Amino acid sequence: MARACREVGGPKMANMLGSGLTPLQAPEALRALGFSVAAYPLVLLTASCKAMQDSLEGLAKGSEGPEQLSFELLQDLVGFTEYYREMDRYGLQ
């Protein structure tokens, strides 16, 4: 990977796939090799799929499953806090 960065011109992107042939490396390590962009496309996808599986297993057993975000934090993360603030700002209900 370092050789490719040294010998090929222009910006380089490392596409890090968990369980792939190339071991995952931290952004700092990739930067040191000469990469300017690092993508980790499956990290969030696989983590969210695991969380959904765990939650579904919990629901099947009659519970909510693993720890979840509070409703207030969820609203903030998806933008409702700002949305409501703007509604108040413009006098909308």
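Structural data are supplied above this passage.
On a predicted model such as this, the values are computed, not experimentally measured, just so you know. (Residues numbered from 1 in each chain as written. Predicted model: local features only at pLDDT ≥ 70, side-chain atom pairs only at ≥ 80, totals over all residues. Heavy atoms only, no water.)

Participant: Now, about the packing of aromatic side chains: what can you tell me, with residues and values included?
Facilitator: The tally for this structure, following the rule as stated, stands at three aromatic pairs. Their ring planes at 90 degrees and their centres at 6.2 Å tell us that F80 and Y83 sit as a pair that is edge-to-face. Linking F80 with Y83, this pair stays in helix 5 (residues 80-89), spanning three residues, or about one helical turn. According to the relative accessible area criterion, F80 is partly exposed, its value standing at 37%. A residue is classified by how much of its surface remains accessible, and Y83, at 47% relative accessible area, is partly exposed. Ring pairs connect the aromatic residues F80, Y83 and Y84, which therefore count as one cluster. (Phe/Tyr/Trp six-rings, centres within 6.5 Å; stacked < 30°, edge-to-face > 60°. Helix = DSSP H or I, 4+ residues; strand = E, 2+ residues; numbered from the N terminus. Buried < 20%, exposed > 50% of the residue type's maximum accessible area, 1.4 Å probe, protein only.)

Participant: Can you break down a nonpolar patch on the surface residue by residue, with the values?
Facilitator: Taken together, the side chains of L69, F71, L73, L74, L77, V78, F80, Y83 and Y84 make up a nonpolar region of the molecular surface, amounting to roughly 910 Å² of accessible area. Secondary-structure elements contributing two or more residues to the nonpolar patch are helix 4 (71-77) and helix 5. The element that contributes the greatest number of residues to the nonpolar patch is helix 4, accounting for four residues. Looking at where L74 falls in the secondary structure, it is placed in helix 4. The class for L74 is partly exposed, based on a relative accessible area of 38%. (Patch = residues over 30% accessible without salt bridge, like charges linked within 9 Å, V, L, I, M, F, W, Y side chains within 5 Å. Areas by Shrake-Rupley, 256 points an atom, 1.4 Å probe, with all protein chains shown as cover. Salt bridge = Lys/Arg side-chain N within 4 Å of Asp/Glu carboxyl O.)

Participant: I'd like a description of the pattern of salt bridges, backed by residues and values.
Facilitator: Within the structure shown, the criterion is met by four salt bridges. Note that D54 is salt-bridged to K50, the shortest N-O span being 2.8 Å. With D54 and K50 both in helix 3 (residues 43-60) and four residues apart, this pair spans about one turn of that helix. Across the salt bridge formed by E86 and R89, the nearest N and O atoms sit 3.0 Å from each other. With E86 and R89 both in helix 5, this residue pair falls three residues apart, about one helical turn. The class for R89 is exposed, based on a relative accessible area of 58%.

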